[in-house]
Amino acid sequence: MPATLITPTYLDHKTAIVKPTPVACDPTNGNRIPNGGHLTLEMIAAAGGTVTIAFPNKVDGQTVPPLTYTFTGAQSRMAGGWPVNIYGSEVLVTGSVNTITIVATEA
């Protein structure tokens with residue numbers, strides 16, 4: 001099956017929003033998240049696990065290496081700042097367990 005889409009919530013400086021509900025990672029199919037260049041991910045682990053972010057883009061014919069974040073218990077982490085020209089217009093996220101959730105925002 002294709003990766004499960006997580007749609008980012010778009011932020012601007014004029015309107016404050018209620019924090020979006022986190023979406024559970026799909027450890028079987030993975031998740032895909034559109035990247036407009038200002039994507040921020042908040043990853044929340046209930047009891048540990050890993051999140052690997054892969055990028056389908058290539059730079060000078062070379063694959064951009066994936067990033068892996070390791071959670072050793074109940075933790076929350078944030079990551080972002082993936083320019084589209086390097087990382088592509090979509091990031092592929094694989095959480096090791098569905099107890100890791102993600103809030104995706106794009107400014």
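Check the entry above for the structure.
Here the structure is a predicted model, which is why all the values come from computation and not from measurement.

Asks: Would you take a moment to explain the overall build of the protein chain for this structure?
Replies: For the protein chain, the count of helices and strands is 1 helix and 12 strands. For the protein chain, the N- to C-terminal ordering of α and β elements is β-β-β-β-β-β-β-β-β-β-α-β-β. For a compact globule of 107 residues, the expected C-alpha radius of gyration is about 13 Å, and the protein chain comes in at 14 Å, within 12% of that figure. Once local pairs closer than 6 in sequence are excluded, the contacts in the protein chain between residues at least 24 apart make up 80%. With an accessible surface of roughly 6000 Å², the protein chain has 57% of that area assigned to carbon and sulfur atoms. Computing the positive centroid from 5 side-chain charges and the negative centroid from 6, the protein chain places the two 3 Å apart.

Asks: What am I meant to see in the sheet that holds strand β1 (residues 4-5) here?
Replies: Hydrogen bonding along the main chain pairs the strands of a sheet, whether they run parallel or antiparallel. Pairing is mixed across the open sheet formed by 5 strands, whose spatial order is β1-β4-β11-β6-β9. At either end of the open sheet lies a strand with only one pairing partner, and these are β1 and β9 (67-71). Relative to strand β11 (residues 90-95), strand β4 (residues 31-34) runs antiparallel, the two sharing 4 bridges. Paired with P34 across the bridge in β11 is E90.

Asks: Where do I start with the nonpolar core in this structure?
Replies: Soluble globular proteins tend to pack their nonpolar side chains together in the buried interior. Formed by 20 residues in total, the largest nonpolar core has its most connected members in I33, L41, M43, I53, W82, V93 and I102. For this core, the elements supplying multiple residues, two or more each, are β5 (39-45), β6 (49-54), β9, β11 and β12 (100-106). It is β5 that contributes the most residues to this core, 4 residues altogether. Those residues in contact with M43, other than ones at most four positions away along the chain, are V51, Y69, F71, Q75, S76, R77, M78, A79, T101 and I102.

Rules and cut-offs
- Residues numbered from 1 in each chain as written.
- Predicted model: local features only at pLDDT ≥ 70, side-chain atom pairs only at ≥ 80, totals over all residues.
- Heavy atoms only, no water.
- Helix = DSSP H or I, 4+ residues; strand = E, 2+ residues; numbered from the N terminus.
- Rg over C-alpha atoms; globule rule 2.2 N^0.38 Å.
- Contact = heavy atoms within 4.5 Å.
- Areas by Shrake-Rupley, 256 points an atom, 1.4 Å probe, with all protein chains shown as cover.
- Lys, Arg positive; Asp, Glu negative; His and termini not counted.
- Charge placed at Lys NZ, Arg CZ, Asp CG, Glu CD.
- Pairing = 2+ DSSP bridges.
- Core = buried A, V, L, I, M, F, W, Y, C linked by side-chain atoms within 4.5 Å.
- Buried < 20%, exposed > 50% of the residue type's maximum accessible area, 1.4 Å probe, protein only.

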